[in-house]
Amino acid sequence: MAVIKVPKPPQSAFDKNRPVSALLRNQILHLHEVERKFPPSRHSGVYINDIKTEGEAAAYIRKVTARLHPQGAKPATFDIAAAGETRSKSRTKRKPTGKKS
Amino acid sequence: MPPGLDNLKHIVVLMMENRSFDHMLGSLKAQDPRIDGLTGNESNPDTTGATIKVQPQAEFQSQLDPDPDHHFPAVDLQIFNGDNSDPRVANMQGFVKSYFNQQHDVPHSAKIMYYFTPEKLPVLSTLATEFAVFNGWFSSIPGPTVCNRAFAHYGTSFGQVSMDIFYVLEPYKSIYERMIAANPAHTAKIYYYDQASSTIEIVNLLQHQPNLFATYDQFLADCKAGRLPDYSFVEPNYSDHDGDNGEEVASDQHPDHNVQAGELFIASVYNAIKQNPTLWASTALLIVYDEHGGIHDHVPPPACMPDGFVAQPNDTGTGRAFAFDRLGIRVPAVLVSPWVPKGTVVSGRTFEHASIPATVTKFFLGDYDQRSPREKAADTFLDLLSLPVMRTDGPDFQTD
């Protein structure tokens, strides 16, 4: 069977200023419920009612997830690139554009 | 035992977001009439009484904005078209009316009937026609994400029909906990995309058992190194955000996220497995969507085994209690394995997300009594790995 080329989305697909969806809003609420149990020194300091965009939601989600699962931030113990399936080949990632949220 | 099951060592589930069967795969009926998709004559009335037919005009983005309502009351309207009599018949005639309720824009409400053609979805359509597509895989609840994903993890939502936090009730345990507690122990992981996307399973699993989690980078590495767990559940990227090396485009296909980005992600998961020949020969990959996202499907959800919980009228928002005795709306589901006959169309059987822990439990653990009534009643799908000889003709996707 011939190789099927999978089109990439256009540059305009990315919009970190998109308003948060109900899914992200609830993900934030669930993380906030967990964060409330942290000692004050480990709180994110984020007032979640101020989170309006996907980019802001992702920043908060990253902070709390990093506290719950710090292993998620560690680089792999072996070379992913050498392992063949690199992120740049397989996923929709782009270079930073300098856009501000 | 068929050789495909003799060789099976890994089950991988990729759960995407919020698209109905007809919206994504309904057009395949024109290629294969065994597929219970669209004839082109399916319709809903709009709020003026006009007939709105399905149309092959779905776009990758900027069409289903605002996000179509898929909470319990809206889905009830979509299924029953506002009929509140008792008994009532599911007729799937309320999708356009439901979408109209969000903007009061009659032309815009018709877009809920749009569907993709196969050329626009080369990955999902190809996998559906090359391997096994399910005519009858339904979401577990006529409601939103969190409660539906709970069925994939626990075989129940513990009475929840919304996005609210739920808590695990004894004696039920997640499929991951069952696996690692077994004797001999099995391995299981939830792979979330990255820390900024994280997981939907926060309160019960991530909080208390972070050892069950890893990132998508780790999934790719584990595939290449042959270290994939016995059972893997993969979550897509739920948001557009800045990653360590650039922009990360949401790949979950949740409206209004870009559908092509999800196609790339599905191809990435498939490629990661297929590019390791040993893993490819010993893995079954299920690609499934958590719920329909408020988008039209023409098949009425069937009644099902009650779950032992009852959601009260205040929780359902419909004025009616719900005994978890009817499934949610149909979603795309495709089973990929070199042991699945090409062009398999699974008909005359009903699956739901409780079929996932049911299948994993049956294959790896055998008899396991402490499961929900819904999971115990759920059909399993590994019998589809029925070929006597492994195929060597699977498609290859170029994603760079």
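This one's a predicted model, so the numbers in the text were calculated from it and none came from an experiment. (Residues numbered from 1 in each chain as written. Chains lettered and ligands numbered in written order. Predicted model: local features only at pLDDT ≥ 70, side-chain atom pairs only at ≥ 80, totals over all residues. Heavy atoms only, no water.)

K.L.:
Can you explain the nonpolar core? Please cite residues and give values.
P.N.:
Residue and element names in this part refer to chain B. Counting residues in each nonpolar core, the largest one holds 122 residues, and the members touching the most others are Leu127, Phe134, Trp137, Phe219, Tyr231 and Leu335. Tallying contributions element by element places helix H11 (residues 259–274) first for this core, with nine residues. Setting aside its immediate chain neighbours within four residues, leucine 127 contacts Ala132, Ile266, Tyr270, Ile287, Val334, Val336, Pro395 and Phe397. Formed by 18 residues, the second largest nonpolar core is a distinct cluster that contains Val54, Phe80, Met92 and Tyr115. (Core = buried A, V, L, I, M, F, W, Y, C linked by side-chain atoms within 4.5 Å. Buried < 20%, exposed > 50% of the residue type's maximum accessible area, 1.4 Å probe, protein only. Helix = DSSP H or I, 4+ residues; strand = E, 2+ residues; numbered from the N terminus. Contact = heavy atoms within 4.5 Å.)

K.L.:
Requested: an account of the confidence of the model for chain B, with residues and values cited.
P.N.:
Residue-level pLDDT values for chain B average 97, and 100% of them are 70 or greater. Taken together, the chains of this predicted complex give a pTM of 0.95 and an interface ipTM of 0.96. (pLDDT = per-residue confidence, 0-100.)

K.L.:
So what's going on with unusual backbone geometry? Which residues, and what values?
P.N.:
All names here are of chain B. In this structure, the amide linkage connecting asparagine 183 to the following residue, proline 184, adopts the cis form with an omega of 5°. For proline 184, the location among the structural elements is in the loop between helix H8 (175–181) and strand E5 (188–192). The omega torsion across proline 255 and aspartate 256 is 10°, close enough to zero to call that bond cis. Position of aspartate 256 relative to the elements: it lies in the loop between strand E9 (246–248) and H11. Even without glycine at this site, phenylalanine 158 takes up a positive phi of about 60°. Position of phenylalanine 158 relative to the elements: it lies in the loop between helix H7 (145–154) and H8. On the basis of relative accessibility, which here comes to 9%, the residue phenylalanine 158 falls in the buried class. Even without being a glycine, serine 198 presents a positive backbone phi close to 60°. Here serine 198 is to be found in the loop between E5 and helix H9 (202–206).

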